[in-house]
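# Remarks on the overall topology
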Amino acid sequence: VQLVESGGGLVQAGGSLRLSCAASGRTFRGYAVGWFRQAPGKEREFVAAFSGSGSITYYADSVKGRATISRDNAKDTVSLQMNALKPEDTAVYYCAASRLWYGSTWSESDMDYWGKGTQVTVSS
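Bear in mind the structure is a predicted one, so any value in this text is a computation, not a measurement. (Residues numbered from 1 in each chain as written. Predicted model: local features only at pLDDT ≥ 70, side-chain atom pairs only at ≥ 80, totals over all residues. Heavy atoms only, no water.)

## A word on the state of the cysteines
Defined simply, a disulfide is a covalent bond joining two cysteines at their sulfur atoms. Tallied over the entire structure, the rule returns one disulfide. The partner cysteine of cysteine 21 in its disulfide is cysteine 95, sulfur to sulfur 1.9 Å. The disulfide joining cysteine 21 to cysteine 95 has a torsion of about -75° about its S-S bond and is therefore left-handed. Taken together, the positions of cysteine 21 in strand β3 (residues 17–24) and cysteine 95 in strand β9 (residues 91–98) put the pair 74 residues apart, joining distant regions of the chain. (Disulfide = S-S within 2.5 Å. Helix = DSSP H or I, 4+ residues; strand = E, 2+ residues; numbered from the N terminus.)

Right, dumping it as structure tokens:
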């Protein structure tokens, strides 16, 4: 499965962005899809995930209440709406897919496929 992210950019603090992840070459229906991010000099961290079946979602505490992950199986896309953005949200955001659902514990090694990332920069 190839994943392609889009929607990143430069936004002022307090603003919003909507990131999208599209599957190409093969569907990612049935896969759990998550968003991770990596800020300069920091490790990649989990942001949010949407289950492959049903509508279970999970968010990192750092974005809970500000982020909404959604899925459109007809379009084979997963989106991440980020509101009330903060400078500390600045990072490269990656979409990733996993055959399994990991509940409340997600790490890079859990994911089977990755996109190349999209830059989000939040200015103060």
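## Quick word on the sheet that holds strand β1 (residues 2–6)
Read from one edge of the open sheet, four strands run β1-β3-β8-β7, paired in antiparallel fashion. Both outer strands of the open sheet, β1 and β7 (67–72), are each paired with one neighbouring strand and no more. Between one strand and the next, the sheet's axes are offset by a mean angle of 15°, whatever the strand orientation. Pairing of β1 with β3, which is carried by five bridges, proceeds in the antiparallel orientation. Bridge pairing links leucine 3 to alanine 23 in β3. (Pairing = 2+ DSSP bridges. Axes fitted to C-alpha atoms, helices over the stretch in contact; angles between N-to-C directions.)

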